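One letter stands for each residue in the lines below.
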Amino acid sequence: MNSYYSTEIDEAIVAGKRAITALDRAESALSGARSFGIWDMFGGGFLSGMLKHSKMNEAQRELENAQRELARFKKELADVQMTGIINIRFDGLVKFVDLFCDNVLIDMMVQSRIKDMQNNLKETRRQVADTVSRLERYKMGG
């Protein structure tokens, strides 16, 4: 393997690990939003609602960061001819509805969307981690 290709693989591995970290942070933020959302649904009051929205804002920022890191990873994969491996779809959080229609049905819908997003993040993380592992094995000659 020539040094240029080896460098490109190293860059893809680093980008993949950064994407994994970003996905983990996004999943953690969503978990916090989900927890406060459950508390809010069961009568947590004004404080729980404020904390939930704060966590949802944090989750949105982390999701946007994860998207940027995944885009970098895809670019690096293209450099080593490994495109099309990662497939992710990010739906925005539905905070705007929850802000104006604070009731149990809307809260349940928000909780469902958060859970779907968490599952999406976990699957994407698995795909990224598998791809990074393949790159590492390839680099080591396997």
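On a predicted model such as this, the values are computed, not experimentally measured, just so you know.

Draft legend 1. Broad picture of the overall build of the chain. If you tally the helices and strands in the chain, you get 4 helices and 0 strands. For the chain, with 142 residues in total, the buried portion stands at 42%. Taking the intrachain contacts of the chain between residues at least 6 apart in sequence as the baseline, contacts between residues at least 24 apart amount to 79%.

Draft legend 2. Local environment of the pattern of salt bridges. All chains considered together, the criterion is met by 10 salt bridges. For Lys75, the salt bridge identified is with Asp79, shortest N-O distance 3.8 Å. Placement of both Lys75 and Asp79 in helix 2 (residues 45-79) is noted, with a separation of 4 residues, approximately one turn of the helix. Judged by its relative accessible area of 29%, Asp79 falls in the partly exposed class.

Draft legend 3. Representation of the side chain of Glu69. With respect to the helices and strands, the residue Glu69 is situated in helix 2. There is a polar contact of 2.9 Å between the side chain of Glu69 and the side chain of Arg18. A polar contact is formed between the side chain of Glu69 and the side chain of Arg72, at a distance of 2.8 Å. Setting aside residues up to four positions removed in sequence, Glu69 forms contacts with Ala15, Arg18, Ala19 and Ala22.

Draft legend 4. Broad picture of the nonpolar core. Counting residues in each nonpolar core, the largest one holds 29 residues, and the members touching the most others are Leu30, Phe73, Leu121, Val128 and Leu135. Taken together, the elements giving at least two residues each to this core come down to helix 1 (3-41), helix 2 and helix 4 (104-139). With 12 residues, the single largest contributor to this core is helix 1.

Draft legend 5. View of the confidence of the model for the chain. When the pLDDT values of the chain are averaged, the result is 79; 72% of them are 70 or greater. Ranking the helices and strands of the chain by mean pLDDT puts helix 1 first, with 86, and helix 3 (residues 95-100) last, with 44. pLDDT under 50 marks residues 93-100. Its contacts with residues more than four places away, or in other chains, come to 21 contacts.

Definitions and limits used
- Once a new chain begins, its residue numbering starts again from 1 and follows that chain's sequence as written.
- Owing to the predicted nature of the model, reporting of local features is limited to residues with pLDDT of at least 70; listing and counting of side-chain atom pairs is limited to 80 or more, with chain, interface and lining totals taken over all residues.
- Computation of side-chain values covers all heavy atoms of the structure but excludes hydrogens and water.
- Secondary structure elements are defined from DSSP: runs of H or I of at least 4 residues count as helices, runs of E of at least 2 residues count as strands, and each element is numbered from the N terminus.
- For every residue, the accessible area (1.4 Å probe, protein chains only) is compared with the maximum for its type, and the residue is labelled buried under 20%, exposed over 50%, or partly exposed between those bounds.
- Throughout, a residue-residue contact means that at least one pair of heavy atoms, one from each residue, lies within 4.5 Å.
- Salt bridge criterion: a side-chain nitrogen from Lys or Arg within 4 Å of a carboxyl oxygen from Asp or Glu.
- As used in this structure description, the phrase polar contact means that two N or O atoms lie within 3.5 Å; if the pair is within protein, one of them must be able to donate a hydrogen and the other to accept it, and residues adjacent in sequence are counted only when both atoms belong to side chains.
- In this text, buried Ala, Val, Leu, Ile, Met, Phe, Trp, Tyr and Cys residues form a nonpolar core when linked through side-chain atoms within 4.5 Å.
- Residue-level confidence of the predictor is summarised by pLDDT, bounded by 0 at the bottom and 100 at the top.

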